[in-house]
Amino acid sequence: MPERPEVADHYSAHYRDFGADVYAEVRQAAFGADIGQNSWLTLAELERFASQLALGPGVRLLDVGCGSGGPALAVARQTGCEVVGVELYDEAVATGNRSAQEAGLQAQASFVQVDASERLPFESTSFDAILCVDAINHLRGRPKVFADWARLLAPSGRLLFTDPVTVTGVLGSDELLIRSSIGYFLFAPPGENERLLTAAGLHVISVEDTTESLADVARRRRDARAELERELRRLEGDEAFDGRQRFFEIVTTLAQERRLSRFAYVARSLR
């Protein structure tokens, strides 16, 4: 069995150093627009997701796995919706709340530290929309997660999530080890998310294949980091830098070859 190639402290370290200029340069190069994202999300995709969720003034949005809050704040600013972000890492939550204060959005956007694998500390039917971008694969117990999202949605409320590790081809154990080297991952076959959403009492509206976008972003993140190798090695250390480059390389390869795919799911409450 190959030794597991862990990338130590990946998310915590990233959120701790989120404000570093070199990471802003990587985001700008990788995504085309730096909105503080740490996923595979582009600004154009976020705007499309906001439209699919019908976000606007008077709409209350829950952003699950919100990271440092950049996309949530962009949505709040662009649509006028109210947003609550939940995230596991204290550093990310602190950055999100500080950024909301600096942007004058503190009355409209707030961020809370919770484990989104567990029942969330909000009243039932208290959100009109739920968004979860490239984080569902880190949450244990998907049936109970979907059931809790169904509980939180108001009547006819909508949810949208992306799953970037849907198994659509043959995978080697070494490839899976590298792809999951940055933390806990849950891999699912095609059709499983639809089945679990239906079992949770949610109606699936659409499923969109966004694998090509994932492959492009992963490649650009890898290449941008390679261009800024000297600065990143100083910040991350050699072992972490090399591990992250291996990670972005395998993400790129598996997406380009359509062996691990990314899909965006839209569903609504049946209440």
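Our subject is the structure listed above.
Notes on the structure follow. (Residues numbered from 1 in each chain as written. Predicted model: local features only at pLDDT ≥ 70, side-chain atom pairs only at ≥ 80, totals over all residues. Heavy atoms only, no water.)

## Side note on the overall build of the chain
Within the chain one finds 11 helices and seven strands. What you see for the chain is a C-alpha radius of gyration of 18 Å, in line with the 18 Å of a compact globule of 271 residues. Each principal axis of the C-alpha distribution contributes one length, and for the chain these read about 50 × 45 × 30 Å. Classification of the 271 residues of the chain by burial places 54% in the buried group. About 11400 Å² of surface is accessible on the chain, with carbon and sulfur atoms providing 50% of the total. The average position of the 30 basic charges and that of the 40 acidic charges among the side chains of the chain differ by 3 Å. (Helix = DSSP H or I, 4+ residues; strand = E, 2+ residues; numbered from the N terminus. Rg over C-alpha atoms; globule rule 2.2 N^0.38 Å. Buried < 20%, exposed > 50% of the residue type's maximum accessible area, 1.4 Å probe, protein only. Areas by Shrake-Rupley, 256 points an atom, 1.4 Å probe, with all protein chains shown as cover. Lys, Arg positive; Asp, Glu negative; His and termini not counted. Charge placed at Lys NZ, Arg CZ, Asp CG, Glu CD.)

## Comments concerning the layout of surface pockets
Rolled over the atoms, a probe as big as a water molecule pinpoints where empty space is left. A volume near 680 Å³ is recorded for the largest pocket. Within the residue set of the lining of the largest pocket, elements represented by two or more residues are α1 (10-16), β2 (82-87) and α11 (238-256). Top element by residues in the lining of the largest pocket is α1. It accounts for three residues. Taken as a whole, the second largest pocket encloses approximately 150 Å³ of empty space. Considering the residues around the second largest pocket, the lining is formed by F18, I35, S68, G69, G70, L73, A74, R77, T95, S99 and A103. Secondary-structure elements contributing two or more residues to the lining of the second largest pocket are α4 (70-79) and α5 (90-102). (1 Å grid on protein atoms, 1.4 Å probe; cavity = no way out; pocket = protein on both sides within 12 Å on 5 of 7 lines; lining within 4 Å. Points joined across faces, edges and corners; volume = space filled by probe spheres on them.)

## Observations concerning the pairing of strand β7 (residues 260-269)
With respect to burial, β7 is a largely interior element, nine of its 10 residues being buried. With eight bridges joining them, strand β5 (residues 153-167) and β7 adopt antiparallel strand pairing. Bridge assignment links L159 to a residue of β7, and that residue is A267. Note that strand β6 (residues 202-209) and β7 share seven bridges and pair antiparallel. Bridged to D209 within β7 is F263. (Pairing = 2+ DSSP bridges.)

## Looking at the packing of aromatic side chains
Two aromatic rings, taken as a pair, are described by how far apart their centres are and by the angle between their planes. Enumeration according to the criterion identifies 11 aromatic pairs in this entry. With a centroid separation of 6.1 Å and 85° between ring planes, the pair formed by W40 and F248 is classed as edge-to-face. With a gap of 208 residues between them, W40 in the loop between α2 (21-31) and α3 (43-52) and F248 in helix α11 connect regions that are remote in the sequence. An identical accessibility class is assigned to W40 and F248; each is buried. With a centroid separation of 5.3 Å and 85° between ring planes, the pair formed by F122 and F127 is classed as edge-to-face. (Phe/Tyr/Trp six-rings, centres within 6.5 Å; stacked < 30°, edge-to-face > 60°.)

## Remarks on empty space enclosed by the protein
Inspection of every chain in the model, using the stated rule, returns two cavities of 30 Å³ or more. Approximately 160 Å³ is the volume found for the largest cavity. Lining the largest cavity we find 14 residues, and of these H14, Y23, N38, R221 and R225 sit closest to its centre. By residue number, the principal contributor to the lining of the largest cavity is α2, which donates five residues. Taken as a whole, the second largest cavity holds about 30 Å³ of empty space. Considering the residues around the second largest cavity, the lining is formed by L46, L61, D63, P71, A72, V75, V83 and L131.

## Structural notes on the pattern of salt bridges
Under the defined criterion, the tally for this structure stands at 21 salt bridges. The closest approach of N and O atoms between E45 and R262, which form a salt bridge, is 2.8 Å. Of this pair, E45 sits in helix α3 while R262 is found in strand β7, placing the two residues 217 residues apart along the sequence. Overall, R262 belongs to the buried group, its relative accessible area being 0%. With a shortest N-O distance of 2.9 Å, R222 and D223 are connected by a salt bridge. With relative accessibility at 32%, the residue D223 sits in the partly exposed group. Taken together, the shared-partner salt bridges in this structure form one network comprising E45, R48, D134, E208 and R262. (Salt bridge = Lys/Arg side-chain N within 4 Å of Asp/Glu carboxyl O.)

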